[in-house]
Amino acid sequence: MLIRKGTDLFVGYKESEGQPKIVSFEEVYEHIKANYKDKALSLSENFWKNYNELLNYTAMREIGTLQRIYTEERNTLRTILKVYQLPEDLKQYLQDLLENMKIIELCQDM
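Only a predicted model underlies this, so the values are computations on that prediction, with no experimental measurement involved. (Residues numbered from 1 in each chain as written. Predicted model: local features only at pLDDT ≥ 70, side-chain atom pairs only at ≥ 80, totals over all residues. Heavy atoms only, no water.)

Quick notes on the overall build of the protein
Here comes step 1: On a plain count of helices and strands, the protein comes out with 3 helices and 3 strands.
Here comes step 2: Ordering the α and β elements of the protein from the N terminus gives β-β-β-α-α-α.
Here comes step 3: Here the protein holds 110 residues, and the buried ones make up 17% of them.
Here comes step 4: Contacts spanning at least 24 positions in sequence make up 36% of the contacts within the protein whose residues lie at least 6 apart.
Here comes step 5: For the protein, the accessible surface area stands at approximately 9,700 Å², while carbon and sulfur atoms represent 55% of it. (Helix = DSSP H or I, 4+ residues; strand = E, 2+ residues; numbered from the N terminus. Buried < 20%, exposed > 50% of the residue type's maximum accessible area, 1.4 Å probe, protein only. Contact = heavy atoms within 4.5 Å. Areas by Shrake-Rupley, 256 points an atom, 1.4 Å probe, with all protein chains shown as cover.)

Comments concerning the nonpolar core
Here comes step 1: Core analysis: the largest hydrophobic core is formed by 6 residues, namely Tyr70, Leu77, Leu81, Leu94, Leu98 and Met101.
Here comes step 2: Residue assignment for this core shows that the elements contributing at least two residues are helix 2 (47-83) and helix 3 (88-109).
Here comes step 3: With near-sequence residues (within four places) excluded, Met101 lies in contact with Tyr70, Glu73, Arg74 and Leu77. (Core = buried A, V, L, I, M, F, W, Y, C linked by side-chain atoms within 4.5 Å.)

A look at the confidence of the model for the protein
Here comes step 1: Overall, the prediction assigns the protein a mean pLDDT of 79, with 84% of residues at 70 or greater.
Here comes step 2: Looking across the protein, the model is least confident in strand 1 (residues 2-5), with a mean pLDDT of 64, and most confident in helix 3, with 84. (pLDDT = per-residue confidence, 0-100.)

A look at the packing of aromatic side chains
Here comes step 1: With the rule as written, the count across this model stands at 3 aromatic pairs.
Here comes step 2: Ring geometry for Phe47 and Tyr51: centres 6.0 Å apart, planes at 20 degrees, overall stacked. Placement of the pair is Phe47 and Tyr51 together in helix 2, with a separation of 4 residues, close to one helical turn.
Here comes step 3: An aromatic cluster is present here, built from Phe47, Trp48 and Tyr51 joined pairwise through their rings. (Phe/Tyr/Trp six-rings, centres within 6.5 Å; stacked < 30°, edge-to-face > 60°.)

Considerations on a nonpolar patch on the surface
Here comes step 1: On the surface, Leu43, Trp48, Tyr51 and Leu55 cluster together into a nonpolar patch covering about 410 Å² of accessible area.
Here comes step 2: Residue position: Trp48 is located in helix 2. (Patch = residues over 30% accessible without salt bridge, like charges linked within 9 Å, V, L, I, M, F, W, Y side chains within 5 Å. Salt bridge = Lys/Arg side-chain N within 4 Å of Asp/Glu carboxyl O.)

Examining the side chain of Arg74
Here comes step 1: Looking at the element boundaries, Arg74 is found in helix 2.
Here comes step 2: By relative accessible area, which is 13% here, Arg74 ends up buried.
Here comes step 3: Residues within four places of Arg74 in sequence aside, it is in contact with Leu98, Met101 and Glu105.

See below:
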């Protein structure tokens, strides 16, 4: 499965035994290149099972990345509120933002 992130291209694959892997396109190019006249290969028995497993694997990685970013953002806002002397309106804005982030997180867990 090809995965595009920004301007980079990655390949997600799963060997018959083992965990799904995501590697750079360059790492697998020599294994997947073909001539125009080459006959297409048939799908293996496990193709769709592995494909869906890979979709779930990449989705879970994305969710983990988003959760880390979200936590970092929340911690940064808390630090700003503790460390800096802010005008009252800005301080209130950041506190409201933190509260809204908390509400959104609770709604996503439902």
